[in-house]
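Here's the letter readout for the chains.
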Amino acid sequence: MPHSYRIQLKPLPGFEWSSLTGNVASAAAYVGSDYMYAFADAWSFSCLKEQPTSGFAALGQESVLYNTSYEQILDWSRIDYRVSNHLPAEEALGIIRLELAQERPVLVKGDSFYCGWFPENYGQQHSHNFYLITGYDDLTHQLFCTDVAYMTHQYPQSVSDFSLGFAGELMTMWPTHDRYRPIVHQPTRNEILARSAERNLGHNHEACPMVESMLRFADELPELDRLAVEQQQQDGPGSMNRLSLELLYIVQSRMQFVRLLDKLCNEQDQAMCPLNDAFTQSVRSWSLIRSAYLHTFEPRIKRERILDSMAAEIRVTAALEREIAQSILHIRRLQHVSERYQQRVLGG
């Protein structure tokens, strides 16, 4: 007897082009909860070395930069998972049907050549892509796909296209039921802010000061751009510019960090209100910087002038983020003074 099933899972905003991390986060938000804690250390910046060529190797590596991986997202959401490799398409379809019947989405790895929601690649360009299967219909021989990279929701894909493009790898996910598994400590808002501020200002000797790396990034922007363009030309049509990806992940990590802070916000803590505004301005600034960089690839544009303007804006944003970090530690010191005073008064 024919069957059909659909899960009402929508892609989380703020994960453009993050086909692995973003889709796992979307599934985690549907299956479990608290995925945002995985971004508690995401207010960060990649550490560039003394020479731009050595630092450039780190640019554009999804799930590596900004201290967030899909394993962390699933762990914080208390979701167990299994990755199956080298599966024939027919076996994968059987697993997908079983998982969907239990209201669990399945992450698959496929070829964007067979993904109709990728208009630039569909039938034109071969590249790996992760996406979520959220439904199927036996009558129409279709699967339904959700993909954060293009913000698609239940986009139909024929079983034929899936089978031709399936790369033999899928991930199944389910809420953990292991009562012996220790519950991960969920840091408070103040703990997250203090830890991040100390790291970004270089008070933590294990980390490179974020502001210092941001300023180096601004100084080396023309050279990083040159290397990114050369790499893109070598990789051929359809490849992504690594510097553009770096700027994208900076925006995405900060967006998720701010969402976590909003979730943990205490309305009675008025001292934090200006910090919320400052974080929002930081995200907005990085978004504008990335938009400016994308603008440099339009026809008849003087790229050098825009790159200079971008470098200046990055320095201003670095100063803003330094002030945010210093304000966090200043507020923390004032709170400690107030607490000690209250203890003395009550104890006296």
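For the structure itself, consult the block above.
These lines cover the structure that appears in this document, whether it is placed above or below. (Residues numbered from 1 in each chain as written. Predicted model: local features only at pLDDT ≥ 70, side-chain atom pairs only at ≥ 80, totals over all residues. Heavy atoms only, no water.)

For the rest of this paragraph, the subject is the pattern of salt bridges. The full count for this structure, using the stated rule, is 12 salt bridges. A salt bridge links Lys-263 to Asp-34; its shortest N-O distance comes to 2.5 Å. You can see Lys-263 sitting in helix H9 (residues 242–263) and its partner Asp-34 sitting in the loop between helix H1 (21–31) and helix H2 (52–56), a full 229 residues away along the chain. Between Asp-219 and Arg-315 there is a salt bridge; the shortest N-O distance is 2.9 Å. (Salt bridge = Lys/Arg side-chain N within 4 Å of Asp/Glu carboxyl O. Helix = DSSP H or I, 4+ residues; strand = E, 2+ residues; numbered from the N terminus.)

By the secondary structure assignment, Asn-200 is in helix H6 (residues 189–200). With a relative accessible area of 2%, Asn-200 lands in the buried category. Considering only alpha carbons, one finds Asn-200 and Glu-212, 12 residues apart in sequence, at a separation of 8.8 Å. Apart from the residues lying within four places of it in its own chain, the contact partners of Asn-200 are Trp-43, Ser-44, Pro-209, Met-210 and Val-211. (Buried < 20%, exposed > 50% of the residue type's maximum accessible area, 1.4 Å probe, protein only. Contact = heavy atoms within 4.5 Å.)

With the rule as written, the count across this model stands at 16 aromatic pairs. By the ring-pair criterion, three or more aromatic residues cluster together here, those being Trp-117, Phe-118, Tyr-131, Tyr-150 and Tyr-155. The ring of Phe-144 has Arg-6 sitting right over it, with the charged end atom 3.7 Å from the ring centre. Seen from the ring of Phe-297, Arg-303 lies directly overhead, with NZ or CZ sitting 4.6 Å from the centre. (Phe/Tyr/Trp six-rings, centres within 6.5 Å; stacked < 30°, edge-to-face > 60°. Lys NZ or Arg CZ within 6 Å of the ring centre and 35° of its normal.)

Moving on: the nonpolar core. Counting residues in each nonpolar core, the largest one holds 87 residues, and the members touching the most others are Val-108, Phe-162, Phe-279 and Trp-286. Ranked by residues supplied to this core, first place goes to helix H11 (residues 303–347) with 11 residues. Once residues lying within four places of it in the same chain are set aside, the contact partners of Phe-279 are Trp-43, Leu-193, Phe-257, Val-258, Leu-261, Ile-324 and Ile-328. (Core = buried A, V, L, I, M, F, W, Y, C linked by side-chain atoms within 4.5 Å.)

Judged by how many residues are buried, strand S4 (residues 128–137) sits mostly within the fold: nine of 10 residues are covered. By the bridge criterion, three bridges tie strand S1 (residues 4–6) to S4 in an arrangement that is antiparallel. Bridge pairing in S4 links Arg-6 to Gly-135. Here six bridges tie strand S3 (residues 106–111) to S4, and the two strands are oriented antiparallel to one another. Looking at S4, one finds that Val-108 is bridged to Tyr-131. Sheet topology note: the S4/strand S5 (residues 142–147) ladder contains five bridges and is antiparallel. In the sheet register, Tyr-136 faces S5, and the bridge partner there is Leu-143. Here S4 folds back onto S5, and the loop between the two strands holds four residues, one of which, His-141, carries a positive phi near 55°. (Pairing = 2+ DSSP bridges.)

Turning to empty space enclosed by the protein, a few remarks are in order. To locate leftover empty space, one rolls a probe as large as a water molecule over the atoms. Within the structure shown, the criterion is met by two cavities of 30 Å³ or more. Along the walls of the second largest cavity sit Trp-43, Arg-254, Phe-257, Val-258, Phe-279, Ser-282, Val-283 and Glu-321, which together make up its complete lining. Going through the elements one at a time, H9 and helix H10 (273–295) are the ones with two or more residues in the lining of the second largest cavity. Its residues assigned to classes, the lining of the second largest cavity comprises five nonpolar, one polar and two charged. (1 Å grid on protein atoms, 1.4 Å probe; cavity = no way out; pocket = protein on both sides within 12 Å on 5 of 7 lines; lining within 4 Å. Points joined across faces, edges and corners; volume = space filled by probe spheres on them. Nonpolar A, V, L, I, M, F, W, Y, C, P; charged D, E, K, R; others polar.)

This structure, assessed with the given rule, holds zero disulfides. This cysteine, Cys-115, is not joined by any disulfide, and Cys-145 carries the nearest cysteine sulfur, 7.0 Å off. Accessibility expressed as a relative area gives 0% for Cys-145, which makes it buried. (Disulfide = S-S within 2.5 Å.)

Let us look at the packing of helix H7 (residues 210–219) against helix H8 (residues 221–235). Two numbers describe a pair of packed helices, the interaxial angle and the distance between the axes. At their nearest, the axes of H7 and H8 sit 5 Å apart, and the two run at 70° to each other. With respect to H8, the axis of H7 lies roughly perpendicular. In contact with Phe-217, Ala-218 and Asp-219 of H7, H8 contributes Leu-221, Pro-222 and Leu-224. Residues that form the contact of H7 with H8 fall into these classes: five nonpolar, no polar and one charged. (Axes fitted to C-alpha atoms, helices over the stretch in contact; angles between N-to-C directions. Parallel < 35°, antiparallel > 145°, perpendicular 65-115°, else oblique.)

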